[in-house]
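Structural overview for review
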Amino acid sequence: MNRIAFRGLRERKARTIFTLLAVVLGVALISGTFVLTDTISKSFDALVATANVDVKVLSANKGDGFGSAPAPFSASVEAQVRAVDGVAAADGAFRELPVTVADERGRRVGPINGAPTLAFSNVSRRFDPFEYTGRPPRENGEIALSATAAKDAGLKIGDRIRVQGTQKIRPYELVGTTTFGGAGSTGGAAFVVLTLPEVQTHAGEPGKITDLDVQAQPGVAQADLKRRIAAAVGPSILVRTGKEDSRQESKDLSQILGYLRMGLLVFGLVALLVGSFVIFNTFTITVAQRTREFGMLRTIGASRKQVLQAVVQEALLIGLAGSVLGLLAGIGLAPLLAGLLGMIGFDLPSTALVIAARTIVVAIVLGTIVTLLSSLAPALRATRISPMAAMREGSLGTSRVKRRRALALQTAVAGIGLVLMLIGLFAGLDTSTALTLLGIGAVLVFIGAGLLSPLLVGPLAALIGRPLVATGGVAARIARGNAVRAPGRTAGTAAALMVGVALVAFVAIFVNGFKASFSGAFEKTVTAQFVIFDPSGLTPEAVAPAAAELASVGTAANIRVGSAKLPSGADVHLSGLDPKLATEVVRIDWVDGSDDALRALGPLDAMLNADWANERSLRVGSSFVLRNPEREPVRLTVRGTYEDRGQIFGTVVVPDATLRERFGAHTVLAAFIASAPGAGESRVRAELSALLHRDFPTLEPQTRTEFIDSQVGQVSQILYVFYALLALSVIIALFGIVNTLALSVFERTRELGLLRAVGATRRQVRQIVRGEAIITAVMGAVLGVAIGVLFGVLVSRPLGNEGFVLALPYGTLLILLVLGALAGVLAAIAPARRASRVDVLQAVAHG
Amino acid sequence: MSPSPLIVSAAHLSRTFGEGAAAVRALVDVSVDFPTGGFTAIMGPSGSGKSTLMHLLAGLDRPTSGSVAVDGTELSGLDDNALTRLRRDRFGFVFQGFNLVPVLNAEENILLPLTLAGRDPDREWYEQLVRTVGLTDRLSHRPSELSGGQQQRVAIARALVHRPAVVFADEPTGNLDSSASAEVLGLLRRAADEFGQTIVMVTHDAHAASFADRLVLLADGRIVRDEPAGDTDSVLELMKTAA
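Cut-offs and rules
- One numbering rule holds for all chains: residues counted from 1, following each sequence as written.
- Note on labels: chains are lettered from A, ligands numbered from 1, in written order.
- Note on the predicted model: pLDDT of at least 70 is required for a residue's local features to be given, and 80 or more for side-chain atom pairs to be given and counted; whole-chain, interface and lining totals, by contrast, use all residues.
- Side-chain numbers come from the whole structure's heavy atoms, not from hydrogens or water.
- In this description a helix means any DSSP run of H or I spanning at least four residues, a strand means any run of E spanning at least two, and both kinds are numbered starting from the N terminus.
- The size measure is the radius of gyration over C-alpha atoms, and the globule rule it meets is 2.2 Å times the number of residues to the 0.38 power.
- Partly exposed residues are those whose accessible area sits between 20% and 50% of the maximum for their type, while under 20% is buried and over 50% is exposed, using a 1.4 Å probe and protein chains only.
- It only takes one pair of heavy atoms within 4.5 Å for two residues to be counted as in contact.
- Angular values range over 0 to 180 degrees, each being the angle between N-to-C directions of two axes fitted as lines to C-alpha atoms, with helices fitted over their stretch in contact.
- By convention, the crossing between two helices is left-handed when the near helix turns anticlockwise from the far helix through less than a right angle, and right-handed when the turn is clockwise.
- Each residue is assigned to one of three groups, with Ala, Val, Leu, Ile, Met, Phe, Trp, Tyr, Cys and Pro labelled nonpolar, Asp, Glu, Lys and Arg labelled charged, and all others, Gly among them, labelled polar.
- What qualifies as a polar contact is a pair of N or O atoms within 3.5 Å, subject to a donor-acceptor requirement within protein and to the restriction that residues adjacent in sequence count only when both atoms come from side chains.
- In short, DSSP must find at least two bridges between two strands for them to pair.
- Classification of ring pairs uses Phe, Tyr and Trp, with its six-membered ring standing for Trp, and accepts pairs whose centres are within 6.5 Å; under 30 degrees between planes counts as stacked, over 60 as edge-to-face, and the remaining range as tilted.
- Both a distance and an angle decide whether a charge sits over a ring: NZ of Lys or CZ of Arg must be within 6 Å of the ring centre and within 35 degrees of the ring normal.
- For our purposes a nonpolar core is just a set of buried Ala, Val, Leu, Ile, Met, Phe, Trp, Tyr and Cys residues, chained together by side-chain atoms within 4.5 Å.
- By definition here, a helix of n residues has an expected span of 1.5 Å times n minus one.
- By construction, the arc corresponds to the directions joining the helix axis to the C-beta atoms.
- A patch consists of residues exposed above 30% relative accessible area that lack any salt bridge, with like charges linked at up to 9 Å and nonpolar side chains (Val, Leu, Ile, Met, Phe, Trp, Tyr) linked at up to 5 Å.
- Surface accessibility follows the Shrake-Rupley procedure with a 1.4 Å probe radius. Residue values consider only the protein chains on display as shielding.
- Every case where a carboxyl oxygen of Asp or Glu lies within 4 Å of a side-chain nitrogen of Lys or Arg is listed as a salt bridge.
- Using a 1.4 Å probe, buried area is obtained as the accessible area two parts lose upon being combined, added over both of them.

**Some remarks on the overall build of chain B**
Looking only at helices and strands, chain B features nine helices and ten strands. Rg of the C-alpha trace for chain B: 18 Å, near the compact-globule value of 18 Å for 243 residues, within the 12% margin. Along the three orthogonal principal directions, the C-alpha set of chain B runs to about 50 × 40 × 35 Å. Taken over 243 residues, chain B has a buried fraction of 54%. By sequence separation, contacts in chain B at least 24 residues apart represent 68% of the contacts at least 6 residues apart.

Set out below in structure tokens:
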């Protein structure tokens, strides 16, 4: 049986290759993901360890992750720490302040795609994490910049660049370029090093620092020193040993990495799912084609088990070979994936790829098992081939009872899938359980739909065939008939495409809804004519006051952002509005409140998101406590509640000044500009542009519409990345179609020869094959779109409460259908040509 | 253990396909015995039930009523696995077409029943068989590299390699030209004469039937004649009476 399996595969090379590809691509994506994330993890590990820091002193309320402002504390802590017994050296620093950097002409320096530029204050050499070409800054007018950013912008030592934080832009001379852990950029971010006073100015926090590096005297243990320092500085400051600090950093990084890995793995699993459809199909067809061979083997005494072995061994060989090839391909794919991520701003240093044992094992086991499972049903069917099949050409008609039972089972599978999805969506479970249920449910729905789809072949083929028949004549009619004649086969092939299309459709629907919700909410909420907004999310707070002085500007107001914690420890997002000016530029959807109430807001008053307020039983007049980043309590009184579909205002709205002074927030979401009465749009734009060019050169004024479009455009970028990842699955499905067609053509050699013998031209034969391919592909696309819409509708229900609007992108969906047809045409090219070249005589005599 | 004088014995076999109004009675109350070492041709027009009879005798199908015994063993008591083993060890098969596994060469095809059983061939017997069918130079060739007649010769060698109790041949010359047919029939004849092989051949070809010792003629699911086979002409005459 081994011989039969092995040689069979060698003989039918083309078919074997296509089936192999189905496994290879899925495994490649999965192993590529592991290699990529392992490599990233290792390169980050190198970065996190800092040798000389025995104790680290931080604010207790560290900003949440990359790109948001840190919470600073008073620099007087440095003197306190220096006085502690056992401290050899202590340096205060202001680190990770998000800034914007521009060259002399005003062109942005640094990452373009959302990754931040972070400012660090210089520290003594022993604590300095950077390596320099040139030197670190010593004077206030000097700056060092990460090597990659400098290179990309064509900057050399001696050039002048400007930096903007929360205040006006300031000029510096470039005295050095930096690398971090040997890399010129890390995760896409760029770094600048300035003197401490400069960074403090940019942060709008004079006299503050974000952390303190401490080196112990020889013989003093890290833990001891930590205790002593903690006693000296008090509870509002966090003290960690160097080891603890490294570990925490790694933990944070590995969490982000974990999400990335999971995200990519999902696409890999989708590719494998599609691949399994293709394998199932291929084996079903070849088992059917080898009915007589299997029948003959059974007749001369091969047991059912031996027939099963023959098929399963083929699957095993394909699974193993495909997995190994997939593993190798995945290793090559990792750099490509990195490039794809680079598109959304996540660059990676190119270190040696990490190929863990786990990656190898998972790749091989997963690929082999998926292949085996997919081939199981056809293999079992092979065992049921009667020995008499060797002698008769009879078809194995299934009895009516069996068909009804099968139908019930198939519907049950789809039904269970739907139920699981519904539970995941509505049962209020924690995110990871809900997502897992959703995933499993979706897979079951796909399998169920795949199983039920043969029933739909008749009506769908009739529908899809109509335009074909209208243009194609008799060839198209034969094609349609062929598709209907073997509904199982047509549906099976279509099902593979269905999965890919359904996911593409779902993503398109989801993102479109997201865009619609966002733009809808924004349209309603923002009444300002112009928005000034930095794409990295850090608009300087100084823009609005500057713009307010322009003649053509009526009102210029910031929406500031900040965060605090509840006494319970939960995070709360805050927005700061200028009570007097806000109503000129935004329209708030009051539930229990009014514009007047907003204008009357006192320094310790707040407006609350209505849902959040209800959850905490807070009403107008109640008061509550928030802890600011320095862990001080701030008591606020509720003066109104609002509804915020567009998530623009966060949970709690306080006066702008309060957010700045009591909560230390210097980050502004955007500056909103309302024109003065009578001022034309072009005049306002001209004045704003002149102002920005002078003092905030990296910013441009945008009209409300332009702003919405650019936000929406950013979301589209992510959409394209998703499409790229899903494209792999679609490619597998296409190969599946080519495969099935080729097998089908081979199987029907006699029939095709007969057609040619009675007068069909080569062109007509090609049309027949093409027609079948188109019907199959469009069927897959139709089913896919239907399921995608179903998923979209399902997911939109619970999200509806968050303001998600279901907006079907009809254009995109239509394009998907057209692409489906085109895919059919593409897939049919080679098989159709083969079919048209069938040697008439040989075919008719072929017994 | 010497084979019993009646190697295959069928009693009151009936086989009906389908149910109700669409029922087809392929065989009706057929009883026939086959002595060891005989070459029997089962003949009849299309729809006479001859293929059905062979399927039942070979344990490939189960009768609606009646019984079949092979070398003393009653087939109706056997499950699928036991029937499979019976076919593997005690029967040989030659079909009209598609006898061979396309990816195996001639030698591997011939040895297939033994390979399936996990047994080693009797080398002497194997070589003699290969000489007899005249395929000594073709052993490494695939079926696609052999002519129709050569393929059937491989099939015959396969059918004989494990020294079965009975060889069942279903229209073995149906796809062959006259010279290849003559070769194949001659081989079957030699197997019966030299090796004492019991052969049951289903055919509609009078010339092929003339090679057999005995002729069983079926019509409409019943046996209408059972007598020694003569030459081609007498067989033709016999067929006319049955039509």
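**Quick notes on the packing of helix α21 (residues 704-747) of chain A against helix α24 (residues 810-836) of chain A**
All names here are of chain A. In the contact formed by α21 and α24, the axes pass within 9 Å of each other and the chain directions differ by 35°. As for how α21 packs across α24, the hand of that crossing is right-handed. Between α21 and α24, the contacting residues are Tyr723, Leu734, Ile737, Val738, Leu741, Ala742 and Val745 on the first element and Thr812, Ala823, Ala827, Ala828, Pro831, Arg834 and Ala835 on the second. Residues belonging to the contact of α21 with α24 are distributed by class as follows: twelve nonpolar, one polar and one charged.

**Re the side chain of A:Ser622**
Residues and elements named next belong to chain A. Mapping Ser622 onto the fold places it in the loop between α18 (610-615) and β20 (623-627). A polar contact is formed between the side chain of Ser622 and the backbone oxygen of Arg619, at a distance of 2.6 Å. With sequence-adjacent residues up to four places away left out, Ser622 is seen in contact with Leu636, Thr637 and Val638.

**Description of the sheet that holds strand β4 (residues 65-70) of chain B**
Residue and element names in this part refer to chain B. With antiparallel pairing, four strands are arranged side by side in an open sheet as β2-β1-β4-β5. In the strand order of this sheet, the two ends are held by β2 (24-35) and β5 (73-74), each with one partner. In the sheet, strand β1 (residues 6-17) pairs with β2 via eight bridges, with the strands oriented antiparallel. Note on β2: the bridge partner recorded for Ser9 is Asp33.

**Considerations on the packing of aromatic side chains**
As enumerated under the stated definition, the model contains 18 aromatic pairs over all chains in all. Each ring, one from B:Phe93 and one from B:Phe168, has its centre 5.9 Å from the other, and the planes form 25°; the classification is stacked. Highlighted residues: B:Phe93 in strand β6 (residues 91-94) and B:Phe168 in strand β7 (residues 166-170), separated in sequence by 75 residues. Judged by relative accessible area, which is 1%, B:Phe168 ranks as buried. Joined through ring pairs, the aromatic side chains of A:Phe120, A:Phe130, A:Tyr132 and A:Phe191 make up one cluster. Residue placement shows A:Arg126 over the ring face of A:Phe127; its charged tip is 5.8 Å from the ring centre.

**Structural notes on the nonpolar core**
In terms of nonpolar packing, the biggest core is built from 159 residues, with A:Phe294, A:Phe446, B:Ile42, B:Leu57 and B:Phe168 touching the most fellow members. Broken down by element, this core gets its largest block of residues, 16 residues, from helix α14 (residues 487-525) of chain A. Those residues in contact with A:Phe294 that lie beyond four places of it in its chain are A:Val287, A:Val307, A:Ala310, A:Val311, A:Ala382 and A:Ile385.

**Focus: helix α20 (residues 681-695) of chain A**
Residue and element names in this part refer to chain A. Between its first and last C-alpha atoms α20 spans 21 Å; for 15 residues at 1.5 Å apiece the expected length is 21 Å, and the two agree. Taken together, the buried positions of α20 are occupied by Val684, Leu688, Leu691, Leu692 and Asp695. The arc enclosing the buried residues of α20, seen along the axis, measures out at 95°, which places them on a common side. Of the residues in α20, the exposed ones pointing more than 90 degrees away from the buried face are Ser682, His693 and Arg694. On its buried side, α20 packs onto β9 (160-164), β15 (530-532), α15 (543-548), β16 (553-565), β23 (667-675) and β24 (701-703).

**Some points on the environment of A:Leu437**
Residues and elements named next belong to chain A. Mapped onto the fold, Leu437 is located in helix α12 (residues 431-472). Distance in space between the C-alpha atoms of Leu437 and Asp91 is 50 Å, their sequence separation being 346 residues. Not counting the four nearest positions on each side in its chain, Leu437 is found in contact with Leu420, Ile423, Gly424 and Leu429.

**Remarks on the pairing of strand β1 (residues 55-59) of chain A**
All names here are of chain A. Most of β1 sits out of view: five of its five residues are buried. As judged from the five bridges shared by β1 and strand β14 (residues 237-241), these two strands associate in the antiparallel manner. Within β14, the residue paired with Lys56 across the bridge is Arg240.

**What about the sheet that holds strand β3 (residues 87-93) of chain A?**
All names here are of chain A. Pairing within the open sheet is antiparallel, and its four strands lie in the order β3-β13-β1-β14. The sheet is open, and its two edges are formed by β3 and β14, each paired on a single side. When the angles between neighbouring strand axes are averaged without regard to direction, this sheet yields 20°. Strand contacts of helix α7 (residues 242-289): β1 and β14, with the helix running at about 100° to β14, the strand carrying the most contacts.

**Remarks on a nonpolar patch on the surface**
Residue and element names in this part refer to chain A. Judged by side-chain polarity, Val361, Val365, Ile369, Leu373, Leu376 and Leu380 come together as a nonpolar surface patch covering roughly 510 Å² of accessible area. Among the structural elements, Leu376 can be located in helix α10 (residues 357-383). Here Leu376 falls in the partly exposed class, since its relative accessible area comes to 38%.

**Thoughts on the interface of chain B and chain A**
At the junction of the two partners, chain B supplies 26 residues and chain A supplies 24 residues. At the boundary of chain B with chain A, total buried surface from both sides reaches about 2,300 Å², with 63% on carbon and sulfur atoms. Where chain B touches chain A, the interface holds two salt bridges. Among the salt bridges present, the one from B:Asp80 reaches A:Arg304, with a minimum N-O distance of 3.6 Å. At the junction of chain B with chain A, the criterion picks out five residue pairs in polar contact (both at pLDDT 80 or more). In terms of residue count, the dominant contributor to the side of chain B that touches chain A is helix α2 (residues 80-90) of chain B (four residues). For the side of chain B that touches chain A, the class distribution of residues is twelve nonpolar, six polar and eight charged.

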